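# A look at the structure
Okay, here's what each chain looks like letter by letter:
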Amino acid sequence: MLPLIFECMSLIELSDQEIQRRETLNEIRNFGIEPYPAALYPVSHLSTDIEANYEEGKKVIVAGRLMRKKIQGKASFAELQDSAGRIQVYFNRDEICPGEDKFNYNELFKKLLDLGDFVGIEGTLFKTQVGEITVRVVDFKLLSKSLKPLPMPKTDADGVTHDAFTNPELRYRQRYVDLVVNPHVKDVFLKRNKVFNAFREFFNSRGYIEVETPILQPIPGGAAARPFTTHHNALDTTLYLRIANELYLKRLIVGGFEGVYEFSKNFRNEGMDRTHNPEFTAMEIYVAYKDYNWMMEFTERLLEHTAIAVNGTTVASFGDHTVDFKAPYKRVTMRQSIIDFTGFDIHGKTEEELRTWCTSNGVEVDFTMGKGKLIDSIFGEKCEGKYIQPTFITDYPKEMSPLCKQHRDNPELTERFELMICGKEVANAYSELNDPIDQRERFEEQLKLSEKGDDEAMFIDQDFLRALEYGMPPTSGLGIGIDRLVMYLTNNLSIQEVLFFPQMKPEKWGNSGPDLTENERLILAVLEKEKSMDLVVLKERVALSNKAWDLGMKGLTKHGLAKVTKTDTSLIVDLTS
RNA sequence: GAUUCCGUAGCUCAGCUGGUAGAGCAUAUCCCUUUUAAGGAUAGGGUCCUGGGUUCGAAUCCCAGCGGGAUCACCA
């Protein structure tokens, strides 16, 4: 009984076109054709290979999704989409079916193949009267049946797209559909892949080693951020999803590697917007015997190399801006930057003086903020957004950089830089702090900040301190936000566009069986006792408003759970079983 | 978290101060042997996001909720 209802329900929820395709699927099977064959299909060419190396009459075997079907009597055109692009195919009835049996054309191609189906095609190349390269079909095979119709955007001769699949919610939740019908979306992810390859190539050619470090960490270190918490059952202990991999990579430098890097999926339990996703990808690299000056040069050359690898040029458009990744980049100290944009010199100022300046200059502050955070707020508010072209901001206050080596010329500062592009931080690098005593003190200061209410201050990682005590060579480290870099290189203003599956609220799926509303259940409960009763009596018994009653009853009859019969004198409601 | 806009057919979208739910594409049937988003004819297709309220009557007005976008806040 229940499975039957369930089956009915799932059919009710299918659209006409989905039902149609299921029926077609059955027909295909009835004709003895397997709609999901197991055997490999011997593809010989991609659509783009055919375009690039066209030869009249060449035999090819191609496969892909059927994306266009234009039937005109005994001959038809269709379009096949594979991973590289599209190719037109030509079906001629009497060439495909030379004998009396016209099944393959009249039935299989014309009626049983739907848009979106995977089809394999064997044929020869020719050019149509309008000169389009086309495969003349000799034989074809259904490789996989599609049961859901795809959205079908079309671009006209003027380049205008009709029926574009643009709804962001649908696009992100069903990225597979987005990728099938929006080629420009696929291009973004191909470029993303090129970023990774360019980085790897750049690092590997210099002898640096790609490594992997823990994602589940007992202490979430290496950044100031709120972590996700999880629990390990066997150890009965709390673990955190990493917010950064910095402390582990430095342990490897302690261990004797001289250059290590990792593409790190990091997780931060913070807000989401068009530049923040709860999980994101950072690349961190640590190189022994270097300092942050060396790292600046390294970074600008890396980015120049990457921009060329991705776009073939160092110039990239981003919204209204044009960004040039050509090295070298401008270098400005944080102190100078604040002077440039506000005239205020933070040098030698006390916490109180900074706070006073902030409140009288419209920079929001609160009492959990120490000197470092105050300066960071000034910079964030007044300067950060102004740097469009790649610019290194150097020499950050010590308090906000607890893992960074003190500046060689000024004990209040650190040897740190961030790379700003289009007003956003893209990279962050240090001469790494390798003095274990200093590092312990810095952690303790963080502890004080956290007692003051800063819920992002860092935890003390005793094992990391132990590692430093064994000795770490002077080292420079760099972190780059890959998602943001990809945004810049692909001209996407939203991080969701450069992640295959951006985080979204879980989708609601109907539970099993008919999904009854509260009112429907109420009516059904009464009706189940009586099996059959007068409509007016039932209505009074459930005491619902007119509208609620009406909707409830209509729902029940629609689900096939109740039936209303009209007699001469009254209306009778029956429970149907 | 705040503000604001949006949710109508498989897709893209109309639908006015409340009065029988629409178009194009897609789908189905028929005609058509070289088409370029869209050949011709006919037909089917709806939980107007959900629930409640106002009303003789709600896709439309009001309230609440759900989902999404944008802006802001938060965010090394």
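Everything in this summary refers to the structure shown in the same document. (Residues numbered from 1 in each chain as written. Chains lettered and ligands numbered in written order. Predicted model: local features only at pLDDT ≥ 70, side-chain atom pairs only at ≥ 80, totals over all residues. Heavy atoms only, no water.)

Taken together, 62 residues sit near RNA strand B, with Gln88, Gln129, Lys154, His276 and Glu456 positioned nearest. Of what RNA strand B places within 4 Å of the protein, 56% of the atoms are sugar or phosphate. At a separation of 3.1 Å, a phosphate oxygen of RNA strand B approaches a polar backbone atom of Lys74. A distance of 2.8 Å is found between a sugar or linking oxygen of RNA strand B and a side-chain nitrogen or oxygen belonging to Glu270. Residue assignment for the surface near RNA strand B shows that the elements contributing at least two residues are helix H2 (16–30), strand E1 (59–72), strand E2 (75–81), strand E3 (86–92), strand E6 (154–155), helix H6 (168–173), strand E19 (424–431) and helix H19 (546–558). Taken together, the residues of the surface near RNA strand B sort by class into 20 nonpolar, 18 polar and 24 charged. (Near = heavy atom within 4 Å. Polar contact = N/O pair within 3.5 Å; in protein donor to acceptor, adjacent residues only side chain to side chain. Helix = DSSP H or I, 4+ residues; strand = E, 2+ residues; numbered from the N terminus. Nonpolar A, V, L, I, M, F, W, Y, C, P; charged D, E, K, R; others polar.)

Quick look at the pattern of salt bridges now. Counted according to the given criterion, the structure contains 36 salt bridges. Here Lys102 makes a salt bridge to Asp94, at a shortest N to O gap of 3.0 Å. Lys102 gets classed as buried once you look at its relative accessible area, which sits at 18%. A salt bridge links Arg416 to Glu418; the nearest nitrogen and oxygen atoms lie 2.9 Å apart. Glu418 carries the same exposure label as Arg416, and that label is buried. Residues joined in a network through salt bridges with shared partners are Arg21, Asp114, Asp117 and Lys145. (Salt bridge = Lys/Arg side-chain N within 4 Å of Asp/Glu carboxyl O. Buried < 20%, exposed > 50% of the residue type's maximum accessible area, 1.4 Å probe, protein only.)

This paragraph deals with the side chain of Asp114. Checked against the element boundaries, Asp114 lands in the loop between helix H5 (103–112) and strand E4 (118–127). For Asp114, the side chain forms a polar contact with the side chain of Lys145, separated by 2.8 Å. Once residues within four sequence positions are removed from consideration, Asp114 is found in contact with Arg21, Thr24, Leu66 and Lys145. (Contact = heavy atoms within 4.5 Å.)

Between helix H12 (residues 351–360) and helix H13 (residues 371–382), the least distance of the axes is 9 Å, while the angle of their chain directions is 30°. Between H12 and H13, the angle is such that the two are roughly parallel. Every pair of crossing elements has a handedness; the one defined by H12 and H13 is left-handed. Two secondary-structure elements touch here, H12 through Glu351, Leu354, Arg355, Trp357 and Cys358 and H13 through Lys371, Leu374, Ile375, Ile378 and Lys382. (Axes fitted to C-alpha atoms, helices over the stretch in contact; angles between N-to-C directions. Parallel < 35°, antiparallel > 145°, perpendicular 65-115°, else oblique. Left-handed = near helix turned anticlockwise from the far one by under 90°.)

Glancing now at helix H14 (residues 436–452). Residues three or four positions apart in an α-helix share a direction because the helix packs 3.6 residues into each turn. For H14, with 17 residues, the first-to-last C-alpha span of 24 Å sits near the 24 Å given by 1.5 Å per residue. Residues of H14 that are buried include every one of Asp438, Gln439, Arg442, Phe443, Gln446 and Leu449, and no others. Buried residues in H14, looked at end-on, bunch into an arc of 140°, giving them a common side. Of the residues in H14, the exposed ones pointing more than 90 degrees away from the buried face are Ile437, Lys448 and Glu451. Turning to H14, the residues buried within the fold contact helix H15 (462–470). Looking one or two residues past H14, Gly453 carries a phi angle of roughly 120°, positive in sign. (Expected span 1.5 Å × (residues − 1). Arc of directions from axis to C-beta.)

Turning our attention to the sheet that holds E3. Read around the barrel, five strands follow the order E1-E2-E3-E5-E4 and close on themselves; strand pairing throughout is mixed. On average, each strand axis in the sheet is tilted by 55° relative to the strand beside it, whichever way the strands run. The sheet contact formed by E1 and E4 spans seven bridges and is antiparallel. Along E4, the bridge assignment pairs Ala63 with Gly120. Contacting E1, E2, E3 and strand E5 (133–144), H5 crosses the sheet at an angle of about 80° to E1. (Pairing = 2+ DSSP bridges.)

Turning our attention to the environment of Asp273. With respect to the helices and strands, Asp273 occurs in the loop between strand E12 (259–267) and strand E13 (279–288). For the pair formed by Asp273 and Ile495, sequence separation is 222 residues and the distance between their alpha carbons is 8.2 Å. A polar atom in the side chain of Asp273 sits 2.7 Å from the backbone nitrogen of Thr275. A distance of 3.0 Å separates a polar atom in the side chain of Asp273 from a polar atom in the side chain of His276.

Ranked by size, the top nonpolar core spans 46 residues in total, and within it Phe199, Phe203, Ile285, Phe325 and Ile480 carry the most contacts. Setting aside residues no more than four positions away along its own chain, Phe325 makes contact with Glu300, Leu303, Glu304, Ala307, Thr314, Ala316, Pro390, Ile421, Leu485, Tyr488 and Leu489. If you look at the next biggest cluster of nonpolar residues, it comprises 26 residues, including Phe103, Phe109, Leu112 and Val135. (Core = buried A, V, L, I, M, F, W, Y, C linked by side-chain atoms within 4.5 Å.)

Let us look at H5. Among all positions of H5, only Phe103, Tyr105, Leu108, Phe109 and Leu112 are buried. Seen from one end, H5 has its buried residues packed into an arc of 170°, which puts them on one side. Those residues of H5 that are buried lie in contact with H2, E1, E2, E3, helix H4 (93–96) and E5.

Nonpolar side chains collect at one region of the surface, where Tyr176, Phe500 and Phe501 lie side by side and expose about 370 Å² of accessible area between them. Mapping Tyr176 onto the fold places it in helix H7 (residues 175–181). (Patch = residues over 30% accessible without salt bridge, like charges linked within 9 Å, V, L, I, M, F, W, Y side chains within 5 Å. Areas by Shrake-Rupley, 256 points an atom, 1.4 Å probe, with all protein chains shown as cover.)

Here we take up the packing of aromatic side chains. In the structure shown here, the tally under the stated rule is 25 aromatic pairs. Measuring from centroid to centroid gives 4.8 Å for Trp294 and Phe298, while their planes differ by 20°, and the two rings are stacked. Taken together, the positions of Trp294 and Phe298, both in helix H10 (residues 292–311) and four residues apart, correspond to about one turn of that helix. Look at Trp294 and you get partly exposed, because its relative accessible area is 22%. With relative accessibility at 2%, the residue Phe298 sits in the buried group. Both rings, one in Phe443 and one in Phe464, keep their centres 6.4 Å apart while their planes meet at 75°; by these two values the pair is edge-to-face. (Phe/Tyr/Trp six-rings, centres within 6.5 Å; stacked < 30°, edge-to-face > 60°.)

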